[in-house]
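# Structural characterization, general
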Amino acid sequence: MAKIISIVNQKGGVGKTTTAVNLSAAVGQMGYRVLLADIDPQGNSTSGFGVNKREISLSSYEIITSQAAIEDAILKTDCENVYILPSNMNLAGAEIEIIEVEKRESILKTALLKVSDKFDYIFIDCPPSLGLLTLNALCASDTFLVPIQCEYYALEGLSQLMSTVRQVKRRYNPYLELESVLLTMYDGRLNLTQQVVAEVKKFFPNKVFKTVIPRNVRISESPSFGQPVIYYDKRSQGAESYMRLAEEFLEKQK
């Protein structure tokens, strides 16, 4: 059975999709079978692996709305051991379509359980909101990983996220735990960065990855080439950071 990890932060632009794509690729390169479930209607994780969103016939939309079997929607990526459940803009209306469905919060969980034995890890790239799609991800997950940008507003909204998590634990998924917090867009030269790091560690004691993800041009460029940064430029600082993150993540699993 795969371990299922949601990558979640309702604040946009914090490196959530970048982390979903690059951590999946790095863990796959280390020999583990990985599925990345893209449930963000923007579909950036999908295009981050070079999959054309306009050409896919089945996506997470058909899975969430119970129109297709998940086995038929999963695609093999060009990256070693990595598969993707793709997404596109069709998913944008799914929350409204399933609002009346019984056990609507468990649709994704039910689908992922059907393929869980085929993978070691399943990562879920959540939309930047705390709606029904993110609720589905949290209900399906064993743990959740929170990327936080090293900027002034980093902790804004985190209390709302943790409040949502407490409700999910109480009502739907009592086993849900915080995997770790990941500091992204890190620039150690800035006093502000050090202040944010200190605040985050105070907020989440013993739950912050030692590895930090720096601001890096190669990380920003790689999506436009449809490749994770470890394939686009494996010698870049960004690629090395995500490989270290994967090593630290896997070490924690032991």
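Below is a summary of the structure that appears in this document. Fair warning: this is a prediction, and the values are worked out from it, not measured in the lab. (Residues numbered from 1 in each chain as written. Predicted model: local features only at pLDDT ≥ 70, side-chain atom pairs only at ≥ 80, totals over all residues. Heavy atoms only, no water.)

Scanning the protein from N- to C-terminus turns up twelve helices and seven strands. Here the protein has a C-alpha radius of gyration of 17 Å; the compact-globule value for 254 residues is 18 Å, and the two agree. When its C-alpha atoms are laid out on the principal axes, the protein stretches across 50 × 40 × 35 Å. For the protein, the proportion of contacts with a sequence separation of at least 24, taken over those separated by at least 6, is 78%. On the protein, roughly 11900 Å² of surface is accessible, and the fraction owed to carbon and sulfur atoms is 47%. Averaged over its 28 positive side-chain charges, the protein has a centre that lies 5 Å from the centre of its 29 negative ones. (Helix = DSSP H or I, 4+ residues; strand = E, 2+ residues; numbered from the N terminus. Rg over C-alpha atoms; globule rule 2.2 N^0.38 Å. Contact = heavy atoms within 4.5 Å. Areas by Shrake-Rupley, 256 points an atom, 1.4 Å probe, with all protein chains shown as cover. Lys, Arg positive; Asp, Glu negative; His and termini not counted. Charge placed at Lys NZ, Arg CZ, Asp CG, Glu CD.)

A few words now on the pattern of salt bridges. Across all of its chains, the model carries ten salt bridges by this definition. A salt bridge links Lys202 to Glu199; the nearest nitrogen and oxygen atoms lie 3.4 Å apart. Of the two residues, Lys202 and Glu199 both sit in helix H9 (residues 191–203), three residues apart, roughly one turn of that helix. Where Glu251 meets Lys254, a salt bridge forms, and the shortest distance between an N and an O atom there is 3.5 Å. Each of the salt bridges in this network shares a partner with another, and the network as a whole consists of Lys16, Asp40 and Asp125. (Salt bridge = Lys/Arg side-chain N within 4 Å of Asp/Glu carboxyl O.)

What follows concerns helix H1 (residues 16–29). With 14 residues, H1 should reach 20 Å at 1.5 Å per residue; the first-to-last C-alpha distance of 20 Å fits that figure. Most of H1 is tucked away: twelve of the 14 residues are buried. Residues of H1 that are buried: Lys16, Thr17, Thr19, Ala20, Val21, Asn22, Leu23, Ser24, Ala25, Ala26, Val27 and Gly28. Positioned one or two residues after H1, Gly31 has a phi angle of 100 degrees, which is positive. (Expected span 1.5 Å × (residues − 1). Buried < 20%, exposed > 50% of the residue type's maximum accessible area, 1.4 Å probe, protein only.)

Backbone hydrogen bonds hold the strands of a sheet together, and the pairing may be parallel or antiparallel. Here we have seven strands laid out as an open sheet, ordered E3-E4-E2-E5-E1-E6-E7, and mixed in their pairing. Since the sheet does not close on itself, it has two edges, and those belong to strand E3 (75–76) and strand E7 (177–184), each with one partner. Across two bridges, the pairing between E3 and strand E4 (residues 82–85) is antiparallel. When the sheet's bridge partners are listed, Leu75 is paired in E4 with Ile84. Seen against the sheet, helix H8 (residues 158–171) touches strand E6 (143–149) and E7 and runs at an angle of roughly 175 degrees to E6. Along the sheet, helix H12 (residues 237–253) contacts strand E1 (3–7), strand E5 (121–125) and E7; its crossing angle with E7, the most-contacted strand, is approximately 165 degrees. (Pairing = 2+ DSSP bridges. Axes fitted to C-alpha atoms, helices over the stretch in contact; angles between N-to-C directions.)

If you look at the biggest cluster of nonpolar residues, it comprises 52 residues, and the most contacted ones within it are Leu35, Leu112, Ile124, Phe144 and Phe204. The leading source of residues in this core is helix H7 (residues 132–140), at seven residues. Other than its neighbours up to four places away in sequence, Leu112 contacts Ile4, Leu35, Ile70, Ile122, Ile124 and Ala140. (Core = buried A, V, L, I, M, F, W, Y, C linked by side-chain atoms within 4.5 Å.)

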